[in-house]
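A structural walkthrough
Chain by chain, the residues run as shown.
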Amino acid sequence: MEDFLEQMRNDHKDFDHGSLEGNFGSQPFELFSTWFSEAIETKQVEPNAFVLSTVNTTLQTSSRILYLKEVMEEQFVFYTNYNSHKGTDLMHNNTASMLFFWPNLQRQVRIEGVCAKVATEISDAYFASRPRASQIGAWASNQSEKLEDRSELEHRVEAFALQFPTEVPRPPHWGGYALLPTKVEFWQGRPSRLHDRIVFERNADQWEIYRMNP
Ligand SMILES: Cc1cc2nc3c(=O)[nH]c(=O)nc-3n(C[C@H](O)[C@H](O)[C@H](O)COP(=O)(O)O)c2cc1C
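This structure is a prediction, so every number in the text was calculated from the model and none was measured.

For the protein, the count of helices and strands is 6 helices and 9 strands. Each principal axis of the C-alpha distribution contributes one length, and for the protein these read about 60 × 50 × 40 Å. A burial count over the protein gives 40% of its 214 residues as buried. Across the protein, contacts joining residues at least 24 apart in sequence account for 64% of those joining residues at least 6 apart. Entry remark: accessible area of the protein is about 12,700 Å², with carbon and sulfur atoms responsible for 52%. Counting 21 positive and 30 negative side-chain charges, the protein places the centres of these two groups 2 Å from one another.

With that settled, the discussion passes to the side chain of S84. Along the chain, the position of S84 falls in the loop between β4 (75-81) and α3 (85-92). Side-chain polar atoms of S84 contact the side chain of K86, separated by 3.2 Å. Beyond its immediate chain neighbours, meaning those up to four positions away, S84 contacts Q143 and S144.

Looking now at a nonpolar patch on the surface. A cluster of nonpolar side chains, contributed by M1, F4, L5 and M8, occupies part of the molecular surface with about 500 Å² of accessible area. Secondary-structure assignment places F4 in helix α1 (residues 2-7).

Within the structure, the ligand sits among E46, R64, I65, L66, Y67, Y79, T80, S84, H85, K86, Q143 and S144. Here an oxygen atom of the ligand sits 3.3 Å away from a polar atom, N or O, in the side chain of S84. In isolation the ligand has 630 Å² of accessible area, and contact with the protein removes 65% of it. The set of elements that each furnish at least two residues to the shell around the ligand consists of β2 (61-67), β4 and α3. When residues of the shell around the ligand are assigned to their parent elements, the largest contribution, 4 residues, is made by β2. Classifying every residue of the shell around the ligand by side-chain character gives 4 nonpolar, 5 polar and 3 charged.

Before going further, it helps to spend a moment on the packing of aromatic side chains. Counting across every chain of the model gives 21 aromatic pairs. Arranged with centres 6.3 Å apart and planes meeting at 10 degrees, the rings of F160 and F164 form a pair that is stacked. Directly above the ring of W35 sits R107, whose terminal nitrogen or CZ lies 4.2 Å from the centroid. One residue, K117, lies across the ring of Y82, its end atom 4.3 Å from the ring centre.

To continue, consider the nonpolar core. Ranked by internal contacts, the top residues of the largest apolar core, which has 30 residues, are F32, F78, M98, F100, V109 and I111. For this core, the element with the most residues is helix α2 (residues 28-41), which contributes 6 residues. Among residues more than four places away in sequence, those in contact with V109 are F32, W35, M98, L99, F100, W102, V184, E185 and F186. If you look at the next biggest cluster of nonpolar residues, it comprises 15 residues, including M72, V118, Y126 and V168.

Parameters and conventions
Residues numbered from 1 in each chain as written. Predicted model: local features only at pLDDT ≥ 70, side-chain atom pairs only at ≥ 80, totals over all residues. Heavy atoms only, no water. Helix = DSSP H or I, 4+ residues; strand = E, 2+ residues; numbered from the N terminus. Buried < 20%, exposed > 50% of the residue type's maximum accessible area, 1.4 Å probe, protein only. Contact = heavy atoms within 4.5 Å. Areas by Shrake-Rupley, 256 points an atom, 1.4 Å probe, with all protein chains shown as cover. Lys, Arg positive; Asp, Glu negative; His and termini not counted. Charge placed at Lys NZ, Arg CZ, Asp CG, Glu CD. Polar contact = N/O pair within 3.5 Å; in protein donor to acceptor, adjacent residues only side chain to side chain. Patch = residues over 30% accessible without salt bridge, like charges linked within 9 Å, V, L, I, M, F, W, Y side chains within 5 Å. Salt bridge = Lys/Arg side-chain N within 4 Å of Asp/Glu carboxyl O. Near = heavy atom within 4 Å. Nonpolar A, V, L, I, M, F, W, Y, C, P; charged D, E, K, R; others polar. Phe/Tyr/Trp six-rings, centres within 6.5 Å; stacked < 30°, edge-to-face > 60°. Lys NZ or Arg CZ within 6 Å of the ring centre and 35° of its normal. Core = buried A, V, L, I, M, F, W, Y, C linked by side-chain atoms within 4.5 Å.

Put into structure tokens, the structure is as follows:
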């Protein structure tokens, strides 16, 4: 494996930087939206998947993949179980980072900020739009808690399916978080490791925009 890893080298192609050079905008949301659309157009696998990192009370960082579900009022929204590990982390320390990687485009976007639960009506509306099986799953899974075996989970699915034969209400422990960004970095891979790094940093109500060394 070491030999293989040593030989792996990717000199990035020079992409058309029309969307980046001299066209950053005054806040990061337009550029995020452009890059996100381009990730979809270029058939990126799971373009809305990102890594969320949180920190627990013993300062241990942990990361996991989630789906971005909305960008709403300049906040990045995702849905999860509020009692999960990430939910517990966020209850004690609401700072978090989100990381998108779109390899087809040699791009990453790093977002730092603070998370808050979205309004219950927003979680209700999104929950109602999910397929029934996912709704039942949200009730059945005590996310991040130990499970005796797979059948324990399957029995819980059956029990909740019987409990909610028609409409499935949103579990109170399941809903959205919105991350309000304080810093967003756009990274574009370029040849010879001379990559572009454009940072938007929030200072009061203004976004400071600067480049960083690659
Ligand atoms: C592609 C992908 C998408 C995922 N999307 C979500 C999601 O939107 N919400 C969620 O709670 N977990 C999602 N997961 C599962 C999480 O990665 C994680 O296992 C789970 O949320 C428990 O994390 P925690 O124990 O750190 O709280 C996804 C996993 C993958 C691989």
